[in-house]
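Okay, here's what each chain looks like letter by letter:
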Amino acid sequence: MQTKNNLQYLLGGLLLLLAHTSCNKLTENPYSSIFTENFYKTASDAEAALTAVYGPMVNLYLTAATGASDFSADQTYPRPVVGRDTYTLFSYDPNYTTQKSFNRQNESPQQIWQSCYAGIEKANWVLYKVPQTNMDSARRSVILGEACYMRAFYLWMLTKNFRDIVVKTTPSTNIDTAIVGKTLQADVYKQIYLDLDQAIAKLPTYSGNIQKGRPSKEVATALYAKAALYIQDWPTALDKAKQVLNSGKYSLMPDVVDVYNVAKEDLARQENMWAFECESTSPGFSTQIIGLYGPKNSDGPQYAATSYGSTFAYQSFFDSFDPADRRRLLLDTFYINKLGKVVHQKDITPITPHGVLVKKYMDPNSIGGSGAVNIPILRLADVYLIAAEASAQQNGPSGEAYGYINAVRTRAGLPGLTTGLGKAAFVDAVLQERSWELFAEGDRWYDLTRTNTFLQVIPLAVNDVFPTRTPQAKNRYFPIPLDEINANPKLAQNPDWK
């Protein structure tokens, strides 16, 4: 997702300095900045403004969107360096002091807050100005649909991380519209629903003509289903998931390993519905996690040209897989080094003899740490599991619910789920399936927090690197960054963090 580096939005009022020569006033036309009064006039203006809406995704997915949550969960953990280990140990504070002190703010929830609100502001300007832009009406409608979708996505990212948040649906034209208080989470989801209704009405159905990284009608419907799942709106979650599955526009890759094969990323879009699109060359953007997951000292060329040995999977998570499960092939307990020698598990990392490598983000042709493997955000397998959970919650473990989860299990090379399970056991099985299917994709922590099971699960996810982990109830959501509270007199900290 690319931005135009020279595009600047002026959000507040500006004073123009008028030059004077003798007694005559010289009026100058501004060229160095783009003003909202003389922008949004043409179709190219509208396209540039929409491109800018995606711009904050670059910093969001550098690490924070996946790292802050995954390091908190029970699948992967970071090398215990300051800043990263605060999530695993739940030792962060509302000022994110350690992250700031050690230059890891871009990995922190504060980056999530900043990136998402930057994206919302840009989306609000599009929705405010583009309806009056002189351009093709059909294209205008799609642009507005994408802006609605992106605002819904940013709001969803914010509320699942911080609970009650600021909801802004108008651009910051003055101080009164810029300073807004918090909205209760239930009302945040109402706005998400409204935005996704608009997106679904305006976006085109999926085809190969849609630019990569842009949402289709089905992508917006999938996000709708997942948002509904998070607030236990089971009928809506099931209905929206069914709409995606029944559309016939997407299908599971025959081999789950190929979803993450950088050489097959175009083919993988049949399942990988919406992703952060990475590129190893300029223009384009990549993500730090490609380097974090590879072996130390760039020693595993199949992972990346530059990698740091900074993130691993828990041995207990690796052991939880059935050996026949093809998803276990996306983890490894050895690698081949630059000399073609096998490096066994005890030597993968000096921090533990039980290091397990994650193989979802490998790119042997990366340029440095910049790889082209995409970061999944919404996958069809996720939609199947949303449908399975919502169906069971609403109607019990019916044949329909079993069919949804078994579609994912069969693709993984596993037999169907044990029949005759009660509702609670079936839902637990779906959550476990989600863990195996979506690991290291920034998903697991939110499954644990939305079901409020993290206090029971996380203390069991320990090893010799992190032998004790003691989350508290307040860790269900991250604290609102203190900088934001200081800057906004209407913004109050989450009660659990006061």
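See the structure shown above.
This one's a predicted model, so the numbers in the text were calculated from it and none came from an experiment. (Residues numbered from 1 in each chain as written. Predicted model: local features only at pLDDT ≥ 70, side-chain atom pairs only at ≥ 80, totals over all residues. Heavy atoms only, no water.)

Enquirer: Tell me about the packing of helix 2 (residues 57–70) against helix 5 (residues 109–129), and name the residues and values.
Expert: Following both chains from N to C, one finds helix 2 and helix 5 inclined at 135°, their axes separated by 9 Å at the closest point. If you check the angle between helix 2 and helix 5, you find them oblique. Considering only the axes of helix 2 and helix 5, their crossing is left-handed. Side by side, helix 2 and helix 5 meet where N59, L60, A64, A65 and A68 of the first sit next to P109, Q111, I112, S115 and C116 of the second. (Axes fitted to C-alpha atoms, helices over the stretch in contact; angles between N-to-C directions. Helix = DSSP H or I, 4+ residues; strand = E, 2+ residues; numbered from the N terminus. Parallel < 35°, antiparallel > 145°, perpendicular 65-115°, else oblique. Left-handed = near helix turned anticlockwise from the far one by under 90°. Contact = heavy atoms within 4.5 Å.)

Enquirer: I'd like a rundown of the pairing of strand 12 (residues 375–379), residues and numbers included.
Expert: Judged by how many residues are buried, strand 12 sits mostly within the fold: five of five residues are covered. Pairing of strand 6 (residues 272–276) with strand 12 involves four bridges; the strand directions are antiparallel. By the bridge assignment, F276 is partnered in strand 12 with I375. (Buried < 20%, exposed > 50% of the residue type's maximum accessible area, 1.4 Å probe, protein only. Pairing = 2+ DSSP bridges.)

Enquirer: So what about the packing of aromatic side chains? Which residues, and what values?
Expert: In the structure shown here, the tally under the stated rule is 29 aromatic pairs. A centroid spacing of 6.1 Å and a plane angle of 40° characterise the contact between Y77 and F312, whose relative ring orientation is tilted. Of this pair, Y77 sits in strand 3 (residues 76–78) while F312 sits in strand 7 (residues 311–313), and the two are 235 residues apart along the sequence. In terms of burial, Y77 and F312 fall into one category: buried. Each ring, one from Y87 and one from F478, has its centre 6.4 Å from the other, and the planes form 85°; the classification is edge-to-face. In this pair, Y87 is assigned in helix 3 (residues 85–89) and F478 in the loop between helix 18 (454–457) and helix 19 (482–487), connecting sequence segments 391 residues apart. For Y87, a relative accessible area of 0% puts it in the buried group. Each member of the aromatic cluster is reached from another via a ring pair, and the members are Y149, F153, Y154, W156, Y230 and W274. In this structure, K160 is placed above the aromatic ring of W156, and the distance from its NZ or CZ to the ring centre is 3.6 Å. We note K160 situated over the ring of Y446; from NZ or CZ to the ring centre the distance is 4.3 Å. (Phe/Tyr/Trp six-rings, centres within 6.5 Å; stacked < 30°, edge-to-face > 60°. Lys NZ or Arg CZ within 6 Å of the ring centre and 35° of its normal.)

Enquirer: I'd like to hear about the side chain of N337, residue by residue, with values.
Expert: For N337, the position within the fold is in the loop between strand 9 (335–336) and strand 10 (342–343). Within polar-contact distance, the side chain of N337 engages the backbone nitrogen of K341 at 2.8 Å. Excluding anything up to four places from it in sequence, N337 contacts D299, P301 and V343. (Polar contact = N/O pair within 3.5 Å; in protein donor to acceptor, adjacent residues only side chain to side chain.)

Enquirer: Tell me about empty space enclosed by the protein, and name the residues and values.
Expert: On inspection of all chains with the given rule, the structure shows three cavities of 30 Å³ or more. The space that makes up the largest cavity amounts to roughly 150 Å³. What lines the largest cavity is a set of 17 residues, among which K226, P376, I377, E441 and G442 lie closest to the centre. Those elements giving two or more residues to the lining of the largest cavity turn out to be helix 2, helix 6 (137–162) and strand 12. Considered class by class, the residues forming the lining of the largest cavity number nine nonpolar, two polar and six charged. Each pocket or cavity is described by its volume, and for the second largest cavity that value is around 90 Å³. As for the second largest cavity, its lining consists of V259, Y260, N261, V262, E265, A268, R269, N272, A275, E277, V373 and N374. Looking at the lining of the second largest cavity, the elements with two or more residues in it are helix 11 (265–268) and strand 6. (1 Å grid on protein atoms, 1.4 Å probe; cavity = no way out; pocket = protein on both sides within 12 Å on 5 of 7 lines; lining within 4 Å. Points joined across faces, edges and corners; volume = space filled by probe spheres on them. Nonpolar A, V, L, I, M, F, W, Y, C, P; charged D, E, K, R; others polar.)

Enquirer: Please provide a residue-by-residue account of the layout of surface pockets, values included.
Expert: One number sums up the size of the largest pocket: a volume of about 430 Å³. If you go around the largest pocket, you meet 20 residues; those closest to its centre are Y117, E121, K168, A178 and E484. For the lining of the largest pocket, the secondary-structure elements that each account for two or more residues are helix 5 and helix 19. Per-element tally for the lining of the largest pocket: the top contributor is helix 5, with eight residues. Here the lining of the largest pocket is composed, by residue class, of 13 nonpolar, three polar and four charged.

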